[in-house]
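# Analysis of the macromolecular model
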Amino acid sequence: MKILVPVKRVVDYNVKIRVKPDGSGVELTNIKMSMNPFDEIAVEEALRLKEAGKASEVIAVSVGPAKTDETIRTALAMGADRGIWVKTDEAGIEPLTIAKILKKLVEEEAPGLVILGKQAIDDDCNQTGQMLSALLGWPQATFASKVVVGEGTVDVTREIDGGLQTVSLDLPAVLTTDLRLNEPRYASLPNIMKAKKKPIAEKTPAEWGIDLTPRLVVLSTTEPTSRTAGKKVTSVAELVGDLKQSGVL
Ligand code: AMP
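Residues numbered from 1 in each chain as written. Predicted model: local features only at pLDDT ≥ 70, side-chain atom pairs only at ≥ 80, totals over all residues. Heavy atoms only, no water.

The protein chain carries the name Electron transfer flavoprotein subunit beta in an unreviewed UniProt entry, which gives Ancylobacter pratisalsi as its organism. The UniProt entry for the protein chain carries the following comment under Subunit (unreviewed entry): "Heterodimer of an alpha and a beta subunit." UniProt's Cofactor (unreviewed entry) comment on the protein chain is quoted here verbatim: "AMP". (UniProt positions renumbered as here; feature names shortened; annotations may be inferred.)

Along helix H4 (residues 128-136), the residues that are buried comprise Gly129, Leu132, Ser133 and Leu136. Axial view of H4: buried residues confined to an arc of 100°, hence all on one face. Of the surrounding elements, those touching the buried residues of H4 are helix H3 (95-109), strand E6 (113-117), strand E7 (140-149) and strand E10 (173-177). Looking one or two places after H4, you find glycine 137, whose phi comes out positive at around 75°. (Buried < 20%, exposed > 50% of the residue type's maximum accessible area, 1.4 Å probe, protein only. Helix = DSSP H or I, 4+ residues; strand = E, 2+ residues; numbered from the N terminus. Arc of directions from axis to C-beta. Contact = heavy atoms within 4.5 Å.)

Before going further, it helps to spend a moment on the pattern of salt bridges. What the rule picks out here adds up to 20 salt bridges. Between lysine 50 and aspartate 81 there is a salt bridge, with the nearest N and O atoms lying 2.8 Å from each other. Of this pair, lysine 50 sits in helix H1 (residues 37-51) while aspartate 81 is found in the loop between helix H2 (68-78) and strand E5 (82-87), placing the two residues 31 residues apart along the sequence. Take lysine 50: its relative accessible area is 29%, and that puts it in the partly exposed class. Using a relative accessible area of 23% as the deciding quantity, one classes aspartate 81 as partly exposed. Residues glutamate 57 and arginine 82 are paired through a salt bridge, measuring 2.8 Å at the closest nitrogen-oxygen approach. Pair noted here: glutamate 57 is in strand E4 (residues 57-64) and arginine 82 is in strand E5, with a separation of 25 residues, a long-range link. Taken together, the salt bridges that share partners define one network made up of Lys2, Glu57, Arg82 and Glu109. (Salt bridge = Lys/Arg side-chain N within 4 Å of Asp/Glu carboxyl O.)

Right, dumping it as structure tokens:
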């Protein structure tokens, strides 16, 4: 069974985001980019399934502009076997379009599992996995915190409000990862070197006639309002007085 793992290149989670002066989006020039953290978890899970003899090949795929291959290369350094880069001029392609592209790749590669992140930390959409499963007509299990592959089925424990739910799906299926599924490995230096020789196939959405025109117009992007300075009080009476004055009490 092949496993397809879509990995997105996003602003590194340690970077303090700055909004562009015209409010059209966030600043991406000279910003450190990394693999979406939930996608690292997806790669790790796919690798563990391969190491357990449940999968034969792990394919990392990413859709994006120049340098997106760096993110694929990271997945290859972790241990993925090969990569596919669907090249676009711009970043920020909408989830439905990504899902349409992934559907085409699924038709070409015929994987038994597609493991995506539950959400990309740049747009926080949490849509692509669900849309892909709908387009394919495949079962889906989102927010996975445990994955057990059986004979033609997969049991998935899902993180739901206030608890866990375990579901069984027929393969092929679409899964999305939650934070507690696993702890992704670091790529070792020898594996980083080996990854340089692993193949990355290049494709374009035009090959499948997929239109990238966005359906949404971003009206504005704003930074969170900054916190106002706090005040130290010297007594409980002063605190209660201040709270009453500010309408909290
Ligand atoms: P989203 O629906 O945008 O929150 O993204 C959910 C997941 O879809 C991500 O964690 C990735 O696994 C996948 N994904 C989204 N955008 C891309 C992309 N441009 N290239 C590859 N995978 C993507």
